[in-house]
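Working through the structure, step by step
Chain by chain, the residues:
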Amino acid sequence: MDRKENYEEEAVYTEEGEITLRGLGRFIKRAWLRTVIYLLVMLVIATALFAGFRYLGKTEYSMSATVEYSFRGISQGQNPDESVFDKDDIRSINNVRSAIEEAGLGAKILANGDLTAARNHISVTAIMPNEYVQKYNELVSGGMNSADAYAQLATMKYYPTNFVIGLRNYEELGLDKSDASNLLNALLNVYRNWFAEEFFAAVSLSDNAFKMTVDPDNPLIDYIDFADNFDASYTTFSGYLTEMIAEAPQFRSEKTGMQFADYKEELISLQTQVATLKAFITNNNVSNNIENMRLSTQNTVNRLTRESARLEGIIRDTRAQIESIEPTVVTIVSPSGTTTTSSYPQIYNDLHKSLQSYIEQKSTVDTQLAEKEEVLEKIQSGVGATEAAKKNADDMLTQIRTSSIDFIARLNDASKEYAEKLAGSDSFKVVSPSSYVYTSISFPTMLVYIAAVVIAIAAAFIVTYALGKRNKHRKNTEEKVAEQISAEAKEKN
């Protein structure tokens, strides 16, 4: 019996009381049925708990893409036109609606006509710039804890250039994986087109002023009116070309072979032709109706005179306001001496800008007034032009119209070419296409479940062994008691 007991003891333990794999294997072999039963019980309990957590948990299926802006101004938080950049423009109502329609998902999403739910599922998350990340790493490696590092970085002003566009939990919108991918791609495409049109669209210069012709039956539109309309259009073109020469001095149209500066020189030539036309009309009293022309010119002179006087009054008042503003004087006394500085409030600078604008407006009005006064002086006689003079004026108008319409068409082509070049550049690009993302708050539960299974297996072995050990101990105790009783009985006998 002693030898049998020692054998069972060695089945699991060594002499030092440690568990051995060989001994554990023998033990499991003898107690496999109980081990399986306990293991099944543990697994049932763990699975039941997991199913409950899984039911209460929520799984989200998302699509996301990464975009990058690289135009001038984005690093200062500005749009290409220097307005404030808003990352949420991509999920504007119009862009989302257009994307839904382009993806062919209107029946699923727009059934109730409400875009709020769709927009709420679209997120725009900024990606921390590299400089920001590097600064954080420097602070942490220097001994600062993470919380303090983030607190210090919060005081830094930075403008991200990369963003993650996400379509979160799209199943709530009734979409499957394919629908979600199509919608996100459509949104990126719609926004790209909107962005290009909003900030890089070609300026379409109108040629309407040059398509109208002289109508003898409509004396309200006279030769001089056409010349004035031409001049007004040329002024608009000149302003545009001045901006484009400054913005893209090296740009050369592949279609026309011309730079914006070349168009500016051509425009100056057209303006010279119109000035010649005006002089001819004025010197020869060319008009459909000379008396109507005289009255119209007189009315224009009166209007410009009033406008000049109004601007003069505004300029005078603005100057008085500027002179009334006193600077703030600050005196600093230091061991090295005394320093005095003076500064004006912002309104002082604003008034100076307004004054300059009013002066420029008055200069333009005065120039127009002088021209009209010259015309009025020429036609005071009331004698109209000869037929030959009218024919010359008609020929001059025709030539200017033809040249101007051709000029505008070529300038619009160059403007469109330049806009397409900008829009097709890296100003906005998708650096990481739409991809499927699985996120679930139940994922930790899965880890818990795996851990529970491992624990259940270990627990089954432990419980089996413990119960076996207890039974063995009880059996040994009973045998010892029986032997003691037997020994006592022998002694009595």
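The rules behind the values
Residue numbering note: each chain is counted from 1, following its sequence as written. The predicted nature of this model means local features are confined to residues of pLDDT at least 70 and side-chain atom pairs, given and counted, to a pLDDT of 80 or more, with totals for whole chains, interfaces and linings taken over all residues. Here the side-chain values reflect all heavy atoms present in the structure, with hydrogen atoms and water set aside. For helices, the fitted line uses only the C-alpha atoms of the stretch in contact; every axis is such a line through C-alpha atoms, and the angle between N-to-C directions lies from 0 to 180 degrees. Strands here mean DSSP runs of E at least two residues long; helices mean DSSP runs of H or I at least four residues long; both are numbered from the N terminus. Roughly parallel refers to an angle under 35 degrees, roughly antiparallel to one over 145, roughly perpendicular to one between 65 and 115, and oblique to any angle outside these ranges. Less than a right angle of anticlockwise turn of the near helix away from the far helix marks a crossing as left-handed, whereas a clockwise turn marks it as right-handed. Only Asp, Glu, Lys and Arg are considered charged in this grouping, and only Ala, Val, Leu, Ile, Met, Phe, Trp, Tyr, Cys and Pro are considered nonpolar; every other residue, Gly among them, is considered polar. Residues with no salt bridge and a relative accessible area higher than 30% make up the patches, which join like charges within 9 Å and nonpolar side chains (Val, Leu, Ile, Met, Phe, Trp, Tyr) within 5 Å. The Shrake-Rupley method, run with a 1.4 Å probe sphere, supplies the accessible areas, and residue values consider only the shown protein chains as cover. Should a side-chain nitrogen of Lys or Arg be within 4 Å of a carboxyl oxygen of Asp or Glu, the pair is scored as a salt bridge. Throughout this description, buried means an accessible area under 20% of the type-specific maximum (1.4 Å probe, protein chains only), exposed means over 50%, and partly exposed covers the range between. Expected span, for any helix, means 1.5 Å times one less than how many residues it has. Whenever a nitrogen or oxygen atom comes within 3.5 Å of another N or O atom, the pair is scored as a polar contact, on the condition that within protein one atom can donate a hydrogen and the other can accept it, and that pairs from neighbouring residues in sequence are kept only if both atoms are in side chains. Only heavy atoms matter for contacts: two residues are in contact if any of them lie within 4.5 Å across the pair. Confidence per residue, as judged by the predictor, is encoded in pLDDT with a range of 0 to 100. Pairing of aromatic rings covers Phe, Tyr and the six-membered ring of Trp, with a centre-to-centre limit of 6.5 Å; geometry is then stacked below 30 degrees between planes, edge-to-face above 60, and tilted otherwise. For a lysine, the NZ atom is tested; for an arginine, the CZ atom; a charge sits over a ring if that atom is within 6 Å of the ring centre and within 35 degrees of the ring normal.

On to the packing of helix α12 (residues 290-324) against helix α13 (residues 346-378), then. Each pair of packed helices can be described by the angle between their axes along with the distance between the axes. Interaxial distance between α12 and α13 falls to 8 Å at its minimum, and their mutual angle equals 160 degrees. As judged from the angle between their axes, α12 and α13 are roughly antiparallel. For the crossing formed where α12 meets α13, the hand is left-handed. When the residues that make up the contact of α12 with α13 are grouped by side-chain class, the tally is 16 nonpolar, 10 polar and 8 charged.

Another point: the environment of Lys264. Along the chain, the position of Lys264 falls in helix α11 (residues 260-284). Once the C-alpha coordinates of Lys264 and Tyr240 are considered, the two residues, 24 residues apart in sequence, prove to be 9.5 Å apart.

On the surface, a cluster of nonpolar side chains totalling about 320 Å² of accessible area is made up of Met128, Val133, Tyr150 and Tyr158. Within the secondary structure, Met128 sits in the loop between β2 (122-126) and α7 (130-141). Judged by relative accessible area, Met128 falls into the partly exposed class, the value being 31%.

Under the 1.5 Å per step criterion, the end-to-end length of helix α9 (residues 177-200) is 34 Å for 24 residues, consistent within 8% with the ideal 34 Å. For α9, the N-terminal capping position is held by Asp176, with its side-chain oxygen 3.2 Å away from the main-chain nitrogen of Ser178.

Let us now look at the side chain of Thr282. Relative to the elements of secondary structure, Thr282 occurs in helix α11. What makes Thr282 buried here is its relative accessible area of 5%. Within the structure, the side chain of Thr282 is placed 2.9 Å from the backbone oxygen of Lys278, a separation counted as a polar contact. Dropping the residues within four chain positions of it, Thr282 is found in contact with Glu374, Val375 and Lys378.

It is worth spelling out the confidence of the model for the protein chain at this point. Per-residue confidence for the protein chain gives a mean pLDDT of 79; residues scoring 70 or more make up 72%. Counted against residues more than four places away or in other chains, residues 1-17, with its pLDDT under 50, gives 23 contacts.

Okay, the packing of aromatic side chains next. Tallying each qualifying case throughout the model produces 24 aromatic pairs. Here Trp194 and Phe199 contribute two aromatic rings whose centre-to-centre distance is 5.9 Å and whose plane-to-plane angle is 85 degrees, an arrangement assigned as edge-to-face. Given a relative accessible area of 26%, Trp194 falls into the partly exposed group. A network of ring pairs unites the aromatic residues Tyr69, Phe71, Phe85, Phe163, Tyr191, Trp194, Phe195, Phe199 and Phe428 as a single cluster. Above the ring of Phe226, the side-chain terminus of Arg401 is found at 5.1 Å from the ring centroid.

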